[in-house]
Every structure is written in structure tokens, then in C-alpha cells.
Amino acid sequence: MGKFFVKDFEDLIPEKNTSPYKRVLVIGDIHGNFTRLMSLWKKIHVTDDDFVFFLGDYLDRGEEVGETVRWVLQKSEEKNIVFLRGNHEQ
């Protein structure tokens, strides 16, 4: 089992980045706001050198759920993007 309580957190941080990715980006709580998602997506300029985690909650509240779901399904084919299911998708 991994360390839960540590005295020196530096033990958990590798000395150098061994990941093939330059950035790890985490995005959550889109809630059908496709226009805002596209605004963010354009600003962060995601490339193949990035790894992107989406934390779920693509549905509910917003008026652009259809566009959001279509985009998520299209992007889910990319190797460097992971979509997790949120409680709104349950």
C-alpha cells in the first residue's frame, strides 16, 4: 500500500519529469456550456505534447448539452485525452 501520511513530501516528488508530456491539464464541470468550453480550449492551445483529464459533469444545466456530448465523443478518440464519468453522468 502507498504512503498515506508522510513526513517529507519531497519523497513523493520525482527529481525530474519522466512523463512524455510537457503539461497535464485537468478540466471539470462543463455542464453543457459548450461555448465556454470552446473558449477555454482555444486559450490553452492543447497539443500532442499535453495530457488532458476531464473530470466529468459534461451534462446538466447548460443549453448546449448536445454540442458538448458530440465534442466529448469526438475527442475521446485522441490518445492524450481522458474523459472520466462524473456524478451527472451516472
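Bear in mind the structure is a predicted one, so any value in this text is a computation, not a measurement.

**Some points on the pairing of strand β1 (residues 23–27)**
Here is step 1 of the chain: Relative to strand β2 (residues 50–54), β1 is paired through five bridges, and the arrangement is parallel. What sits directly across from Val 26, in β2, is Phe 53.
Here is step 2 of the chain: Between the parallel pair β1 and β2, the chain is carried across by helix α1 (residues 34–44), and the sense of this crossover is right-handed.

**Some details on helix α2 (residues 65–75)**
Here is step 1 of the chain: Restricting attention to buried positions, one finds in α2 the residues Thr 68, Trp 71, Val 72 and Lys 75. For α2, the angular spread of buried residues about the axis comes to 100 degrees, placing them on one side. Pointing more than 90 degrees away from the buried face of α2 are the exposed residues Arg 70, Leu 73 and Gln 74.

**Focus: the environment of Val 82**
Here is step 1 of the chain: Following the sequence through the fold, Val 82 ends up in strand β3 (residues 81–83).
Here is step 2 of the chain: You can call Val 82 partly exposed: its relative accessible area is 27%.
Here is step 3 of the chain: Measuring from C-alpha to C-alpha, the distance between Val 82 and Val 26 comes to 9.7 Å, with 56 residues separating the pair along the chain.
Here is step 4 of the chain: Leaving out residues up to four positions away in the same chain, Val 82 has contacts with Phe 51, Val 52, Phe 53 and Phe 54.

What counts and how
- Residues numbered from 1 in each chain as written.
- Predicted model: local features only at pLDDT ≥ 70, side-chain atom pairs only at ≥ 80, totals over all residues.
- Heavy atoms only, no water.
- Pairing = 2+ DSSP bridges.
- Helix = DSSP H or I, 4+ residues; strand = E, 2+ residues; numbered from the N terminus.
- Right-handed = clockwise from strand over helix to strand, strands pointing away.
- Buried < 20%, exposed > 50% of the residue type's maximum accessible area, 1.4 Å probe, protein only.
- Arc of directions from axis to C-beta.
- Contact = heavy atoms within 4.5 Å.

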